[in-house]
Protein chains: 2
Amino acid sequence: MLTQIAGGVCAPKGFRANGVHCGIRKNKTKKDLALIVADVKCATACVYTTNLVKGAPILVTKQNVADGYAQAVICNSGNANTCNADGVEIAEKMCELVREYTGINAGDVVVASTGVIGQKLSLDPIIAGMPALCEGLGDHSTAAAEAIMTTDTVAKEIAFSFTAGGKECRIGAICKGVGMICPNMATMLMFVTTDVAISPAMLQKALSADVKKSLNMVSVDRDTSTNDTLCVMASGLAGNAEITEANADYRAFCRALNAVTTAMCRKIARDGEGATKLIECRVSGASSLKNARLVAKSVINSPLLKAAMFGSDANWGRVLCAIGYSGAKLDVEKVDVVFRSAAGTLPVCKDGSGLEFSEDFAKRVLSEEEIVIDVDLNGGNFRATAWGCDLTYDYVKINGDYRT
Amino acid sequence: MLTQIAGGVCAPKGFRANGVHCGIRKNKTKKDLALIVADVKCATACVYTTNLVKGAPILVTKQNVADGYAQAVICNSGNANTCNADGVEIAEKMCELVREYTGINAGDVVVASTGVIGQKLSLDPIIAGMPALCEGLGDHSTAAAEAIMTTDTVAKEIAFSFTAGGKECRIGAICKGVGMICPNMATMLMFVTTDVAISPAMLQKALSADVKKSLNMVSVDRDTSTNDTLCVMASGLAGNAEITEANADYRAFCRALNAVTTAMCRKIARDGEGATKLIECRVSGASSLKNARLVAKSVINSPLLKAAMFGSDANWGRVLCAIGYSGAKLDVEKVDVVFRSAAGTLPVCKDGSGLEFSEDFAKRVLSEEEIVIDVDLNGGNFRATAWGCDLTYDYVKINGDYRT
């Protein structure tokens, strides 16, 4: 029994958060420093980018959560602290600042940065911002969500309650997108809190399994970031018997975790840089899970299809083309494709060949803000869903002068 | 000794060509039907798209060149004849029309189509266009090049003369781009003619080796087309002793072939849909050829880097990011990156970390129409070059309503 609730990362018992503008970003109206602290040490699981170029904060975070526990998250936006000779030193000092102001062991801090790659990150604004950041700690999930935004147009947070071991538990999250988004065994930045009692091993197992079907299935531009970090912290304050095996409570937690990550996937794709539409590709009839995922990802990644969706053009040939080069094993002559939206259902391809359809109706279907592309490979029982967005003038505009 | 000459596909001895508007495309000012005929049967080699969705013409062409010989090429634009139930039948009838009007055996015809996928291709305009197309056959390489254009803004043709067996030989080509361009063991449409005498086996060997370093290293949008076809026809009329082994003449031909394909790669990338700039990534110091190619392709494919190039923004972090997710084995801490153009040389990254540079000078360097990105991995002796283009508003505009 899963119920959406308010509060974001502060919904679970034992978590406080805050976000402030400390001066890393020039625009004073944009917060750029976030902090999440727990009242107790939390079982903690993380996944990171698979990019060989890794942000310095990831190297420090990996050390700090190696024991399976953490108690705080500090994250800045406006600078990725990546490809900087002194990056690790700066990231470690950020953890030290958290200890100084909260008493939490620097070795229990998750540190993350997001923004421009390859520009030195000065500690000065962070030092200057710490007093206000820490004094303001409280039920401020939204402020923290705002402080990790880069090109995001909306703050992203969500929370659910669920039951484990007869106890009501809560799980909440904040995250940011929305460019350089093509997670690979990891994702952009997302911080998830829960008060469920669960062992670090089971928490990592749940997270690693979940990202394969959630965040690894989102793509805005096929650019896998250097700083992707997804962190889940479990305080255990819900009072349920600690989850130490794959039992019914574990499955209840996994469902709650997937509800959080899937909701965030849709938020990220919908807010993709310059996006006007959420594109969801639902593949069925695949001969394997791998093939289903290859096809779904390939379709939502096609720049040609993304541009066609922006133009509300039912150019289904581009869907077939993307299916064909996806690398998945399939029989092209069995492929069916249907475009769906709130405006109706439009079958466009049957057995790999085109169907007649009304261009006017097609325009209406594709002019909606959420487009579903159903692909039935008619070759098995495996399914996968991927989330993306359309390719627009604004994506080019945003990224033509992001840095300067 | 390689000399660029005029004449395109008609430069080599024994070839005539023409292109006309027959009515497949609504715009009467755009030619849409091309024909190349040889006076003699030609040793012929082809490579095709690896997309599982293959245009019907490819299936027919594969049969017709299975014996290693062909004598004519017919190609239409405006419709890809792909994902049509009757596609093979239509493609076969196009070959039959060539026999009817030229006497060339239908089984010696290379047939190709390019344009929208999944719309029925009517034979009527082709039948109507054949008389004028064939009566006009002559030294009209440019007309043929124009007739295979889709979103291309310029016709693409080139020719060189070279020496083999003491005889002057010629090689010429026409091709089209410029969207759905990410060749994989094949390319968009390119037709190459030569009068060198060479066996079909050696011709195929030369072609298959060449595309790995030429056309497979071009990408406009990472969308591998369904109709990619590259065909080389050798009339043998230059009078050189037939090349039947990998001797000096073979190497001379390979150099000439690579001069043609590389020149076309640059034309295709420079004319990429909406492109304002040619982006050339030259990778050196790789530990293997595979790694060099992975890195070069990854850099020119990054939408974020492509958009930054459009904005003349020296956002080299995006180069590092693309190198990092390329899949190549390398040491990030050894990577050097330099931006170069006619306006100067701008080192931006040394040993994986950023260098100080003048933003004004960077803008000048990146405002040129041809940008070279030098990447030295400092980890070996292998090199590769890839060609791409910037990502602009016009790419979105062109593809937002290409079909309708």
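Residues numbered from 1 in each chain as written. Chains lettered and ligands numbered in written order. Predicted model: local features only at pLDDT ≥ 70, side-chain atom pairs only at ≥ 80, totals over all residues. Heavy atoms only, no water.

K.L.:
Would you mind going over the overall build of chain A with me for this structure?
P.N.:
Summing up its helical and strand segments, chain A has eleven helices and 15 strands in all. Computed over C-alpha atoms, the radius of gyration of chain A comes to 22 Å, within 12% of the 22 Å expected from 2.2 N^0.38 for 404 residues, which places it in the range of a compact globule. Here the C-alpha coordinates of chain A stretch approximately 70 × 55 × 35 Å along the principal axes. Looking at chain A alone, contacts between residues at least 24 apart form 80% of all its contacts between residues at least 6 apart. Side chains of chain A give 42 positive and 43 negative charges; the mean places of these two sets differ by 2 Å. (Helix = DSSP H or I, 4+ residues; strand = E, 2+ residues; numbered from the N terminus. Rg over C-alpha atoms; globule rule 2.2 N^0.38 Å. Contact = heavy atoms within 4.5 Å. Lys, Arg positive; Asp, Glu negative; His and termini not counted. Charge placed at Lys NZ, Arg CZ, Asp CG, Glu CD.)

K.L.:
Explanation requested: the relation of the copies chain B and chain A in the structure shown.
P.N.:
Copy one and copy two of the chain differ by a rotation about a common axis and a shift along it. Mapping chain B onto chain A calls for a rotation angle of 180 degrees and an axial translation of 0.0 Å; the resulting RMSD is 0.0 Å. Interpreted geometrically, this transformation is the action of a two-fold axis. Looking at the rotation axis and the C-alpha trace of chain B, the residue lying nearest is B:Tyr393, at 2.5 Å. When the interface residues of chain B are mapped onto chain A, 100% of them again lie at the interface, so the same face is used by both copies. (Least-squares fit on C-alpha atoms with pLDDT ≥ 70 in both.)

K.L.:
Before we go on, may I ask you to explain the side chain of B:Ser353 in this structure?
P.N.:
Checked against the element boundaries, B:Ser353 lands in strand β13 (residues 353-354). Excluding anything up to four places from it in sequence, B:Ser353 contacts A:Cys83, A:Asn84, A:Ala85, B:Trp316 and B:Val348.

K.L.:
Explain the interface of chain B and chain A here, please?
P.N.:
Contacts between chain B and chain A engage 54 residues on the former and 54 residues on the latter. Tallying contributions element by element places helix α11 (residues 393-400) of chain B first for the side of chain B that touches chain A, with six residues. Classifying every residue of the side of chain B that touches chain A gives 25 nonpolar, 18 polar and eleven charged. (Nonpolar A, V, L, I, M, F, W, Y, C, P; charged D, E, K, R; others polar.)

K.L.:
I keep staring at the sheet that holds strand β10 (residues 278-286) of chain A and nothing clicks. Help me out?
P.N.:
The strands making up a sheet associate through backbone hydrogen bonding, with each pair oriented either parallel or antiparallel. Residues and elements named next belong to chain A. The sheet built from six strands is open, its strands ordered β13-β12-β11-β14-β10-β15 with mixed pairing. Each edge of the open sheet carries a strand with a single partner, namely β13 (353-354) and β15 (382-389). Bridge analysis of strand β11 (residues 336-341) against strand β14 (residues 370-376) gives five bridges, and the strand direction is antiparallel. By the bridge assignment for β14, Arg340 is matched with Val372. Contacts from helix α10 (residues 359-366) reach β11, β12 (344-350) and β14, with the element oriented near 115 degrees to β12. (Pairing = 2+ DSSP bridges. Axes fitted to C-alpha atoms, helices over the stretch in contact; angles between N-to-C directions.)

K.L.:
Help me out: how do you make sense of the domain arrangement of chain A in this one?
P.N.:
Interface size, as often reported, equals the accessible area lost upon joining of the parts. All names here are of chain A. Here chain A is partitioned into domain 1 (3-270) and domain 2 (278-400). For domain 1 and domain 2, the distance between their C-alpha centres works out to 32 Å. On the side of domain 2, 19 residues touch domain 1, which itself brings 18 residues to the contact. A buried area of about 1,600 Å², summed over both sides, lies between domain 1 and domain 2, and 54% of it is on carbon and sulfur atoms. Looking at the side of domain 1 facing domain 2, the largest losses of area belong to Met217, Arg266 and Arg270, adding up to 40% of the total buried there. Seen at the junction of domain 1 and domain 2, the total is three salt bridges. With a closest N to O distance of 2.4 Å, Arg266 and Glu280 form a salt bridge. Counting every contact that joins domain 1 to domain 2 gives three residue pairs in polar contact (both at pLDDT 80 or more). Taken together, the elements giving at least two residues each to the side of domain 1 that touches domain 2 come down to α5 (200-213) and α6 (248-270). (Domains from an automatic or database assignment. Buried area = accessible area lost by both parts, 1.4 Å probe. Salt bridge = Lys/Arg side-chain N within 4 Å of Asp/Glu carboxyl O. Polar contact = N/O pair within 3.5 Å; in protein donor to acceptor, adjacent residues only side chain to side chain.)

K.L.:
Honestly, the packing of helix α7 (residues 289-301) of chain B against helix α9 (residues 317-324) of chain B in this entry has me stumped. Any pointers?
P.N.:
The geometry of a pair of packed helices is captured by two quantities: the angle between their axes and the separation between those axes. Residues and elements named next belong to chain B. Running from N to C, α7 and α9 cross one another at 135 degrees; their axes reach a closest spacing of 8 Å. As summarised for this structure, α7 and α9 are arranged oblique, according to the angle between their axes. Every pair of crossing elements has a handedness; the one defined by α7 and α9 is right-handed. Residues Val295, Ser298 and Val299 of α7 pack against Val319, Ala322 and Ile323 of α9. Within the contact of α7 with α9, the residues separate by chemical class into five nonpolar, one polar and no charged. (Parallel < 35°, antiparallel > 145°, perpendicular 65-115°, else oblique. Left-handed = near helix turned anticlockwise from the far one by under 90°.)

K.L.:
How do you make sense of the sheet that holds strand β15 (residues 382-389) of chain B when you look at a structure like this?
P.N.:
All names here are of chain B. Strand order in the open sheet made by the six strands is β13-β12-β11-β14-β10-β15, with mixed pairing throughout. Only two strands of the sheet have a single neighbouring strand rather than two, namely β13 and β15. Inspection of the sheet shows strand β10 (residues 278-286) paired to strand β14 (residues 370-376) by seven bridges, in the parallel sense. Paired with Leu278 across the strands is Glu370, a residue of β14. Lying over the sheet, helix α6 (residues 248-270) contacts β10, β14 and β15, oriented at roughly 40 degrees with respect to β15.

K.L.:
What am I meant to see in the packing of helix α2 (residues 87-102) of chain B against helix α3 (residues 124-135) of chain B here?
P.N.:
All names here are of chain B. It is at 10 Å that the axes of α2 and α3 come closest, and there the two elements cross at 40 degrees. The two elements α2 and α3 meet at a crossing, and its hand is right-handed. Where α2 approaches α3, its residues Met94, Leu97, Val98, Tyr101 and Thr102 are matched on the opposing element by Ile126, Ile127, Met130, Pro131 and Cys134.

K.L.:
Would you mind going over the nonpolar core with me for this structure?
P.N.:
Grouped burial of nonpolar side chains is what soluble globular proteins tend to show. Membership of the largest hydrophobic core comes to 181 residues, with the highest contact counts inside it found for A:Phe339 and B:Val375. Sorting elements by how many residues they give to this core places α6(B) first, with twelve residues. Look past the residues within four positions of B:Val375 in its chain and what remains in contact with it is B:Cys281, B:Arg282, B:Val283, B:Ser284, B:Val295, B:Val319, B:Ile323, B:Val335, B:Asp336 and B:Val337. (Core = buried A, V, L, I, M, F, W, Y, C linked by side-chain atoms within 4.5 Å. Buried < 20%, exposed > 50% of the residue type's maximum accessible area, 1.4 Å probe, protein only.)

K.L.:
Looking at this structure, I do not really get the pairing of strand β3 (residues 33-48) of chain A. What am I missing?
P.N.:
All names here are of chain A. Of all 16 residues in β3, 13 are buried, a share of seventy percent or more. Note that strand β2 (residues 15-20) and β3 share six bridges and pair antiparallel. Paired with Gly19 across the two strands is Ala34, which belongs to β3. Sheet topology note: the β3/strand β4 (residues 69-77) ladder contains seven bridges and is antiparallel. Among the inter-strand pairings, Ile36 is bridged to a residue of β4, identified as Val73. In this structure, β3 lies alongside strand β9 (residues 229-234), joined through six bridges in antiparallel fashion. Bridging across to β9, Val47 finds its partner in Leu230.

K.L.:
Please explain unusual backbone geometry as it appears in this structure.
P.N.:
One can expect most non-glycine residues to show negative phi and most peptide bonds to be in trans. All names here are of chain A. Although it is not a glycine, Ser312 sits at a positive phi angle of roughly 50 degrees. With respect to the element layout, Ser312 can be found in the loop between α8 (303-310) and α9 (317-324). Ser312 sits in the buried class, given a relative accessible area of 10%. Non-glycine residue Asp351 carries a positive phi angle of around 55 degrees. Examined against the element boundaries, Asp351 turns out to sit in the loop between β12 and β13.

K.L.:
How should the environment of B:Ala145 be read in this particular structure?
P.N.:
Looking at the secondary structure, you find B:Ala145 in helix α4 (residues 141-147). Excluding its chain neighbours within four sequence positions, the residues that come into contact with B:Ala145 are B:Ala155, B:Lys156 and B:Ile174.

K.L.:
Just checking my understanding: could you explain the pairing of strand β4 (residues 69-77) of chain B for this structure?
P.N.:
The side chains of a regular strand alternate between the sheet's two faces. Residues and elements named next belong to chain B. For β4, the tally of buried residues reaches eight of nine residues, placing the bulk of the element in the interior. Summarising the sheet, β4 and strand β5 (residues 109-114) pair through six bridges and their orientation is parallel. Residue pairing in the sheet places Ile74 in a bridge with Val111 of β5.

K.L.:
In this structure, what is going on with the pattern of salt bridges? I would like to understand it.
P.N.:
Between side chains of opposite charge, a pair can form when the charged atoms approach closely. Following the criterion strictly, the structure yields 30 salt bridges over all chains and no others. A:Glu146 is paired through a salt bridge with A:Lys31; the nearest N and O atoms lie 2.6 Å apart. In this pair, A:Glu146 is assigned in helix α4 (residues 141-147) and A:Lys31 in the loop between β2 and β3, connecting sequence segments 115 residues apart. Judged by relative accessible area, A:Glu146 falls into the partly exposed class, the value being 29%. Residue classification places A:Lys31 among the partly exposed positions, given a relative accessible area of 27%. Note that B:Asp108 is salt-bridged to B:Lys41, the shortest N-O span being 3.4 Å.

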